[in-house]
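# Chain and residue survey
Each chain, letter by letter, is given below.
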Amino acid sequence: SDGAPAPRADSGSDSTSRATTDSSSSYCAMQGLRELESLQQRPVSSADEQPPAKRARPGSGKAALEAAELLARAERELEESQVEVAAVDENGMKAMVLAVERRINDNMALRMKYPDRPEKFMDSELELFSHLKRLHVLATAPELFPTFVRTKCVSSLLGLLMHENSDISIDVVDLLHEMADADGADPDDVKALADALVEHGAPAALMEHLKRLDEAVDEESRAVHQSLGIFEALLEASPELSAPLARDAGLMSWLLGRIKLRPFHANKLYATELLAVLLQQNAPNQALFGEEGGVLALLTATSYYKRREPQALEEAELVE
């Protein structure tokens, strides 16, 4: 992350997730975050006070650069403090879900009460991010997916895709991708998760989130790739979703727009692969492909190689 409030870990009452952080490394992370908070709490006049930005960009002055460095250091230390997490059971999963729901409510209440004072809701945002990170352990226990979807947490997570702090929304994408692509998962467990995602409007929410992402930023580019991975997982779990995803969610239009962009990129390759899945033996999608100007999009994409040879195996795969 490069400047947005990046959440810190808290000690919380959740016994399942205490094993996730090493106390000494977390203490260093907290020290860095306190230094950052002191920067952001400097007195300002009401005329100068501005609403919190989604993510501060470099070049906003010396203080902003110092804040960005502190945040980056704190995030690195938080990541380094992560240790192997013990296997989660149903009770532990429910406790983690409850903790996340509480942090969501706390953060929402503080953001509404102090919309122009980020120092008032920063701590709650750090705690929310920390508890979201702990939920990632669910990807190692796909047998809990059917129970997880009954907690109604899926709806809450999808709501966070619209969170003003892109670190929060991107971590939700990361979490959903890890769960949808869990190793060794029983197809029925993944189907339960996929059905819940569709029921709560995940396709539309993911498409809206895609529009907010800037692929020039590494972490946002990865979030685009993970979003496409979630769509692929939905199609694998429920092939009958192909036409609704293509037309109703707007996936076909987005994919065609993405493949026209130059130059080569891993996300462009993934877009062509997902497009091929949508078109395979699917007459409604093939008709939509023509309506959306798909032939022109393909010609535009391949014209780049009229006088230029692919430079790598992946790029050659894209052309094919």
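Remember, predicted model here, so these are calculated numbers, not experimental data. (Residues numbered from 1 in each chain as written. Predicted model: local features only at pLDDT ≥ 70, side-chain atom pairs only at ≥ 80, totals over all residues. Heavy atoms only, no water.)

## With respect to the overall build of the protein
Within the protein one finds 16 helices and zero strands. In the protein, which comprises 320 residues, the proportion classed as buried is 48%. Residue pairs in contact within the protein that sit at least 24 positions apart in sequence constitute 77% of those at least 6 positions apart. When the accessible surface of the protein is summed, it comes to about 16,000 Å², and 51% of that surface belongs to carbon and sulfur atoms. (Helix = DSSP H or I, 4+ residues; strand = E, 2+ residues; numbered from the N terminus. Buried < 20%, exposed > 50% of the residue type's maximum accessible area, 1.4 Å probe, protein only. Contact = heavy atoms within 4.5 Å. Areas by Shrake-Rupley, 256 points an atom, 1.4 Å probe, with all protein chains shown as cover.)

## Some remarks on the nonpolar core
When a protein is soluble and globular, its nonpolar side chains tend to lie buried together. In this structure, Leu135, Phe148, Leu157, Phe231 and Leu255 are the most contacted members of the largest nonpolar core, which totals 71 residues. Considering each element in turn, this core owes the most residues, eight residues, to helix H10 (residues 218-237). With near-sequence residues (within four places) excluded, Phe148 lies in contact with Met93, Val97, Leu138, Cys153, Val154, Leu157 and Met179. (Core = buried A, V, L, I, M, F, W, Y, C linked by side-chain atoms within 4.5 Å.)

## Quick word on the packing of aromatic side chains
Applying the stated rule across the entire model yields one aromatic pair. Pairing Tyr304 with Tyr305 gives two aromatic rings, centres 5.1 Å apart and planes at 80 degrees, and the pair type is edge-to-face. Residue classification places Tyr305 among the buried residues on the basis of a relative accessible area of 11%. Between Lys120 and the ring centre of Tyr114, over which it is positioned, the NZ or CZ distance is 5.4 Å. (Phe/Tyr/Trp six-rings, centres within 6.5 Å; stacked < 30°, edge-to-face > 60°. Lys NZ or Arg CZ within 6 Å of the ring centre and 35° of its normal.)

## Here's the deal with empty space enclosed by the protein
Tallied over the entire structure, the rule returns two cavities of 30 Å³ or more. Volume-wise, the largest cavity comes out at about 40 Å³. Looking at the lining of the largest cavity, the elements with two or more residues in it are helix H8 (187-199) and H10. Among the residues making up the lining of the largest cavity, the classes are represented as nine nonpolar, no polar and no charged. (1 Å grid on protein atoms, 1.4 Å probe; cavity = no way out; pocket = protein on both sides within 12 Å on 5 of 7 lines; lining within 4 Å. Points joined across faces, edges and corners; volume = space filled by probe spheres on them. Nonpolar A, V, L, I, M, F, W, Y, C, P; charged D, E, K, R; others polar.)

## A closer look at the packing of helix H13 (residues 266-279) against helix H14 (residues 283-291)
Interhelical geometry of H13 versus H14 gives an angle of 125 degrees and a closest axis separation of 7 Å. The orientation of H13 relative to H14 falls into the category oblique. Between H13 and H14, the contacting residues are Leu275, Leu278 and Leu279 on the first element and Asn285, Gln286 and Phe289 on the second. Here the contact of H13 with H14 is built from residues that sort into four nonpolar, two polar and no charged. (Axes fitted to C-alpha atoms, helices over the stretch in contact; angles between N-to-C directions. Parallel < 35°, antiparallel > 145°, perpendicular 65-115°, else oblique.)

## Comments concerning helix H4 (residues 118-135)
When the terminal C-alpha atoms of H4 are compared, their 25 Å separation across 18 residues agrees well with the 26 Å that a helix rising 1.5 Å per residue should span. Summarising burial for H4: 14 of the 18 residues are buried, a large majority. (Expected span 1.5 Å × (residues − 1).)

## Focus: the environment of Glu236
One can find Glu236 in helix H10. For the pair Glu236 and Ala194, spaced 42 residues apart in sequence, the C-alpha to C-alpha distance is 9.5 Å.

## Overview of the environment of His209
Summarising the element assignment, His209 is placed in helix H9 (residues 202-212). His209 gets classed as buried once you look at its relative accessible area, which sits at 1%. In this structure the C-alpha to C-alpha distance between His209 and Ile170, which are 39 residues apart in sequence, comes to 8.9 Å. The contacts of His209, once residues within four sequence positions are left out, are Leu161, Ser169, Ile170 and Val173.

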